[in-house]
Every structure is written in C-alpha cells, then in structure tokens.
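# Examination of the molecular architecture
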Amino acid sequence: TQKTTTPTAGGSFQRRVIPNLQPSPAGEETMFEKLLGPKLITNPKLHKCSTKGCFSDQDLICLYFGAVWKTECKRFNANLKEFYYNVSQQNNLEVVYISADRSLLEFKDCYLTMPFLAMPAGTTELKNELTQILKIIEMPALVVLDDEGHVVTVEGVQKINELEKGNAKQANDLVARWKKTRPIPMEQVQKDRTLLHGTIERDTVYWHK
C-alpha cells in the first residue's frame, strides 16, 4: 500500500492508501489495464502500483492529456489540482496524467507538482491508441470515464476551468452531475469540430516512438 502527502495552499493533502494488488494475468486484463498498461506511477519519486490497485473502488477516472511546454496546460494544472484536492477523496475520483512532455526530466519537473497518477515511460503505443479512440486533437484535454471505461464527458477542461476558484461545493456538484450522466462507449466519441481551423482537418495528438 502507498500513502503520500502533498503540500497545498490550505495545509496538506493526503492521498488515499492504494491497495497493493497484483496485475492481472495475461489474457485476463481489466479494461483499464488494457487502456493504460499494468502499472501506473503514483508519486513524484516515480513509484509504481498496479493499475488494478489504483482504480480499486474508484467511480470516476479522469484522463488528463497535457505537457509542461504548453502554456494552456500550465494554466489548467493549477485548476485541476484544486479540483482534485476538493473532490477526490469523498467522490472516489482519480486523475491519470498522460504526458506529452519531451523528456523524462521535463516530465519529472512537471509531475513533481502533481498529486495525480501518471502513465510511465514505455507506453507510447497505448497513448497513441487512447488519443485516436478518444479523438484528442488538442491539449490540455480531460476525458472522464466511469468505472467500466465508458465516456462520461470529453469536456473536463472546460467544465473545471468554469469553476469558481476556492469553491469546493461547485466542484463537488460538478462531480455529482458527472455521476448522473449516462456514459457512452469510447467508440461513439465524436471529434470536436469547434477546434478545426477553417477546412483543415486536425490529426489526433501523436507520440513518436
């Protein structure tokens, strides 16, 4: 089991204890093990825990696609962290950082400030599959999944940015709405046409191996 404490503006945030469950045998992987791999990073020291353990008893899984070199991501990071501190423990909600940082050092510098989980190095193929199926064409992007891997919303960035700073009730009300939303299969996610420039089609975010 792992427990980490993160300094915050209002004191310290203590992450829940993550059960130390073994990864599933080959051929018996859970939905999230297939999507994200068998293990995820759990703290800034790059310790790992099984994906199965990370999502044990979690109701909502937020996939955060971002990079430290994107100005918009830097702005969103602060909002997402505040949101996470306000809602994660009482709502069984987890966030996974899916990094497009250009080096391990860049990733570490960014992740050092995060209380989230993260996909480790060596998961390029899985990341590319995720951006294609979820139609991720811009960062930051935050896709909220239910506990079965169905899509609750692809508008997480917009909704979290709209929250009033320091308003924990608004944040928890948003999560309550997400829990009542009827999710859709990943295959039914549509590309966001509002992000297209004129008639130019934009490809999904892609990691080079």
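Residues numbered from 1 in each chain as written. Predicted model: local features only at pLDDT ≥ 70, side-chain atom pairs only at ≥ 80, totals over all residues. Heavy atoms only, no water.

Moving on: the overall build of the protein chain. Across its full length, the protein chain carries seven helices and nine strands. Sequence separation of at least 24 residues holds for 69% of the intrachain contacts in the protein chain that already meet a minimum separation of 6. Of the roughly 11,100 Å² of accessible surface on the protein chain, 50% is carried by carbon and sulfur atoms. (Helix = DSSP H or I, 4+ residues; strand = E, 2+ residues; numbered from the N terminus. Contact = heavy atoms within 4.5 Å. Areas by Shrake-Rupley, 256 points an atom, 1.4 Å probe, with all protein chains shown as cover.)

Glancing now at the nonpolar core. Counting residues in each nonpolar core, the largest one holds 57 residues, and the members touching the most others are Leu36, Leu63, Phe65, Phe83, Val96 and Leu134. Setting aside residues up to four positions removed in sequence, Leu36 forms contacts with Phe55, Leu63, Val96, Met119, Thr123, Leu126 and Leu130. (Core = buried A, V, L, I, M, F, W, Y, C linked by side-chain atoms within 4.5 Å. Buried < 20%, exposed > 50% of the residue type's maximum accessible area, 1.4 Å probe, protein only.)

Now for helix α4 (residues 104-111). The complete set of buried residues in α4 reads Glu106, Phe107, Cys110 and Tyr111. The buried residues of α4 occupy one face: seen down the axis, they fall within an arc of 125°. Opposite the buried face of α4, at more than 90 degrees from it, the exposed residues are Leu105 and Asp109. Buried residues along α4 sit against β3 (39-41), α3 (71-91), β6 (93-99) and β7 (117-118). (Arc of directions from axis to C-beta.)

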